[in-house]
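Commentary on secondary and tertiary structure
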Amino acid sequence: MTRRPGFALGVLAFGYAFLYLPIGVVILYSFNESRLVTVWGGFSLKWWGTLLANEAMLSAAWLSLRIALASATAAALIGLAAGYVLARAPRFPGRTLFGSLVIGPMVMPEVVMGISMLLLFVGSDRLLGGPERGFLTIAIAHTTFSIAFVAIVVQARLADFDRSLEEAATDLGATPWVTFLTVTLPLIAPAVGSGWLLAFTLSLDDLILTQFVAGAQSQTLPMRVYSSVRLGVDPQINVLATIIVVLAASLLAVSGWLTRRKA
Amino acid sequence: MRFVIALPYAWLAVFFLLPFALVLGIALGTNDPDSAPPVALGFSLKNFALLFTDDLYLAAWLSSLRIAATATAITLLLGYPMAYAIARAAPRRRPLLLMLVVLPFWTSFLIRIYAWMGLLATNGPLDHILQWTGLTGGQATILGTEWAVQIGIVYAYLPFMVLPLYAALEKLDPGLLEAAADLGARPIQAFLTITLPLSLPGIVAGCLLVFIPAVGEFVIPDLLGGTETLMIGKVLWDEFFTNSDWPLASAVAICLLVLLVGPITLFQRQQAKSLERRP
C-alpha cells in the first residue's frame, strides 16, 4: 500500500469521519437554541443549564458512579485472581470449565445474562430473603461481566512476563505471597489498572443487565437516558453526551501520555 | 493457590453458571399472571414448541441472523481497509490512529446509538444530503427501517472488528510482499495469496466479536428500528417487560444460547490458541 498512499489516506479519512461525525453533530447540537434536531436556532447554553439543574439525572449519575466504583474494584480483584490462575495454573480439576466461565460473560448476549441473573436474585429472595434488588444486585451483575475483561488483560501481561525475577525472590527465601506482593503485583499493576478502568467504563454504560436486576427503586444514568431517548431526541441528552465524550477523551489522553512517558 | 482458584471459580459458578439452570427451569414452567413472580413451575415444552412453530418468532430468528450476518459483512468490508491502512502507517503514528478507533468505545454505547436517531430522522442531516443529491427523489426516512439497524450495528461494533484485524496485519512481515513482488506477483495476487490468508485469524475473531452480540442486540433495533424490524433480543425484552411472560422469555434465552454455542466455542478456542502462541 506504500505505493498508493492516497488510497490509505482516503480509507482512513472515510473511516474516521464515519466514527466521529455523529458524535460531532451531537456535540454541536448541545449548543443549539432550538429544541429540534433538524433546525439550528442559534448558539445557546440553555440546555446545559437545564441538565445541570435536573435532579433526577444528577442522582442517577451519582448512583451509577458509586456502582461503577464498587463493581470495578471487585472485578479487578476477582479478575486478577482469575487471570493469574489462567496464566500460572496449567492443570487442575475443572480447568476447562474454569476457562469457559471466565471468558463466557464477555461473549454472552446481554439479554440472556440479564434474565438469568434476575431469576437468580428472585430465587435467592424467595429462599434466603435477600438481597434486596438495587445497588447490591446491580453491582454484583456488573462485577460478573467485568471479571472477564480484567482477567484477559492480566493473563496477557503474565504471559510475556520475566519469571526469573519471581524465581530469584523465591530462592532468596520469600514465601509465595511475599513474592506475589513485592515482585509480581507491582509489575502487572498497569494491567490491573487498565482492567479496572475498562470495568469502570462498562459498568457506567450498562443498560440491559441493569434494567433486569435494578428493581423498582433504583435508576442508573443509562436507565434515565434510555427512558428519555425512547421518546425521541432530547437536547439535554446532547449535553450529557458532550460531557461524556470530553471526559472519556481526556482520560484516554492522560493514560496514553502516562504509558508513553514510562516507555 | 487453592484460594486464588476458589474465589473466581465460586463467584462465577454462583452468579454465571447457576442462573442458567434457573432459566432452563423457568422455561419449562408456564406463565401464571396471578402469582408473583408470574411463573407456575412445571415440566412443559410448550414454550419451546411455540418458538419454533409461531410465524412471528420464526421470522424474528431469521431476521436476527440475516441482519447480524449482513452487518458483520459490512463491518468487515469497512474495517479491513482501515486496519490495513493503520498497520502500514508510520510506526509512530499507529498508537494515535488506534486510539482514535478505540475512543468511541469508551464513550457511552447508548449515546452513540442515540446520535444516529437525529442523523437518520426525516428531515435530519442525512435526509437533507440525500435530497440534495436527488438519489431518493424526495424525503426519505431511514430511521425505523432495517437499514438504520444495520448502520447502527456497523457503527457500534467497528472497533471490535478493527482491533483483531490490526493485531493480525501488524505481525505480517512486509518482506513476504516484497518477495512476492520480486517474483512477479501483481499486488492483487500478493494480497490474495499472502495477506488475506495470514490475516485469517483476525478476520475470524473480528467477525465473531461483531456477529455474536449483534444477533442478540436489543438497544439498536429498539431505538433505530421500526415496528416491523424483528430481532430476537427485542422479542425477549418485550416478552419479559411488556407481557411479563417470564417462561417464554426464558425459553427465548435458552434458544439464543444454543444458537450461539457454536460461534462462542469457536471464539473461545481461538482466544486460547492466540494466548498460547505468545512466547
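Some remarks on the overall build of chain A
A count of helical and extended segments in chain A gives 11 helices and zero strands. The dimensions of chain A, computed from C-alpha atoms along their principal axes, are 70 × 65 × 30 Å. Per-residue burial over chain A gives 41% buried out of 263 residues. By sequence separation, contacts in chain A at least 24 residues apart represent 77% of the contacts at least 6 residues apart.

Here's the deal with the overall build of chain B
Scanning chain B from N- to C-terminus turns up 13 helices and two strands. Projected onto its principal axes, the C-alpha positions of chain B cover 75 × 65 × 35 Å. In chain B, which comprises 279 residues, the proportion classed as buried is 44%. Across chain B, contacts joining residues at least 24 apart in sequence account for 71% of those joining residues at least 6 apart.

A look at the packing of helix α3 (residues 55-87) of chain B against helix α7 (residues 146-170) of chain B
Residues and elements named next belong to chain B. At a minimum axis separation of 6 Å, α3 and α7 run at an interaxial angle of 40°. When the axes of α3 and α7 are compared, the pair comes out oblique. The hand of the α3/α7 crossing is right-handed. For the contact of α3 with α7, the per-class residue count stands at 21 nonpolar, four polar and two charged.

Considering the interface of chain B and chain A
On the chain A side, the residues contacting the 72 residues of chain B number 66 residues. Within the residue set of the side of chain B that touches chain A, elements represented by two or more residues are α1 (2-27), α3, α4 (94-106), α5 (109-120), α10 (200-215), α11 (219-224), α12 (232-242) and α13 (246-277) of chain B. Residue contributions to the side of chain B that touches chain A peak at 17 residues, all from α1(B). Partitioned by chemical class, the residues of the side of chain B that touches chain A number 59 nonpolar, 10 polar and three charged.

Comments concerning the domain arrangement of chain A
In many analyses, interface size is given as the accessible surface area lost on bringing the parts together. On domain assignment, one finds that chain A holds domain 1 (58-232) and domain 2 (235-263). Computed from C-alpha coordinates alone, the two centres of domain 1 of chain A and domain 2 of chain A are separated by 22 Å.

Points about the packing of helix α3 (residues 55-88) of chain A against α1(B)
Axes are the key here: two packed helices are described by the angle between their axes and the distance separating the axes. With their axes 8 Å apart at the nearest point, α3(A) and α1(B) run at an angle of 115° to one another. The crossing of α3(A) and α1(B) is left-handed. Contact residues: Ile78(A), Ala81(A), Ala82(A), Tyr84(A) and Val85(A) in α3(A); Val4(B), Ile5(B), Leu7(B), Pro8(B) and Trp11(B) in α1(B).

Examining α3(B)
Taking 1.5 Å of rise per residue, 33 residues should cover 48 Å, and α3(B) covers 47 Å from first to last C-alpha, within 8% of that figure. Within α3(B), the axis deviates most sharply at Gly79(B), by approximately 25°, and proline Pro81(B) lies no more than four positions further along.

Points about the nonpolar core
Core analysis: the largest hydrophobic core is formed by 159 residues, its most contacted members being Ile115(A), Val150(A) and Val252(B). Counting residues domain by domain, this core receives three or more from each of domain 1 (58-232) and domain 2 (235-263) of chain A. Excluding residues that lie within four positions of it along the chain, Val252(B) makes contacts with Leu51(B), Ile232(B), Val235(B), Leu236(B) and Glu239(B).

Considering the environment of Gly216(B)
In this fold, Gly216(B) is placed in the loop between α10 and α11. Given 26 C-beta atoms within a 10 Å radius, Gly216(B) is considered buried. Counting along the chain gives 119 residues from Gly216(B) to Leu97(B), while the straight-line C-alpha distance between them is 30 Å. Excluding residues within four positions of it along the chain, Gly216(B) makes contact with Pro109(A), Glu110(A), Val111(A), Val112(A), Ile232(B), Gly233(B) and Leu256(B).

Some thoughts on helix α5 (residues 110-128) of chain A
Residue and element names in this part refer to chain A. Compared with an ideal rise of 1.5 Å per residue, which puts 19 residues at 27 Å, α5 spans 26 Å between its outermost C-alpha atoms and is within 8% of the ideal. For α5, the complete set of buried residues consists of Glu 110, Val 111, Val 112, Met 113, Gly 114, Ile 115, Ser 116, Met 117, Leu 118, Leu 119, Leu 120 and Phe 121. Backbone geometry just downstream of α5 places Gly 129 in the positive-phi region, at approximately 75°.

Quick look at the confidence of the model for chain B
Residue and element names in this part refer to chain B. Averaged over chain B, the pLDDT score is 86; the fraction of residues at 70 or greater is 96%. Averaged pLDDT values for the elements of chain B fall to 74 in strand β2 (residues 39-40) and rise to 93 in α3. At the level of chain-chain contacts, confidence expressed as ipTM amounts to 0.84, with global pTM at 0.87.

Considerations on the confidence of the model for chain A
Across chain A, the average pLDDT comes to 86, with 95% of residues at 70 or higher. No element of chain A has a lower mean pLDDT than helix α11 (residues 235-262) of chain A, at 81, and none a higher one than helix α9 (residues 208-213) of chain A, at 93.

Reading the values: the criteria
Residue numbers restart at each chain and count upward from 1, following the sequence in its written direction. Each chain gets a letter, beginning with A, and each ligand a number, beginning with 1, in the order they are written. pLDDT decides what is reported in this predicted model: residues at 70 or higher carry local features, side-chain atom pairs at 80 or more are listed and counted, and totals for whole chains, interfaces and linings draw on all residues regardless. Put simply, DSSP marks the helices as runs of H or I at least four residues long and the strands as runs of E at least two long, and each gets a number from the N terminus on. Neighbour counting defines burial: a residue surrounded by 20 or more other C-beta atoms within 10 Å of its own C-beta is buried, one with 12 or fewer is exposed, and intermediate counts give partly exposed, using backbone-placed C-beta atoms. Each residue gets a C-beta atom placed from its backbone, and two residues are in contact if those atoms lie within 7 Å. Between N-to-C directions, angles span 0 to 180 degrees; the directions come from axes that are lines fitted to C-alpha atoms, helices contributing only their stretch in contact. Should an angle fall under 35 degrees it is called roughly parallel, over 145 degrees roughly antiparallel, and 65 to 115 degrees roughly perpendicular, with every other angle called oblique. Throughout, a crossing is termed right-handed when the near helix is turned clockwise from the far one, and left-handed when it is turned anticlockwise from it by less than a right angle. Charged residues are taken to be Asp, Glu, Lys and Arg, nonpolar residues to be Ala, Val, Leu, Ile, Met, Phe, Trp, Tyr, Cys and Pro, and polar residues to be all remaining types, Gly included. Note that the domain bounds were set by an automatic or database domain assignment. To estimate how far a helix should reach, multiply one less than its number of residues by 1.5 Å. The term bend refers to the angle at a residue between two fitted axes, each drawn through seven residues, those ending there and those starting there. We define the nonpolar core as any set of buried residues of the types Ala, Val, Leu, Ile, Met, Phe, Trp, Tyr and Cys, connected via C-beta atoms lying within 7 Å of each other. Think of pLDDT as the predictor's per-residue confidence, scored from 0 to 100.

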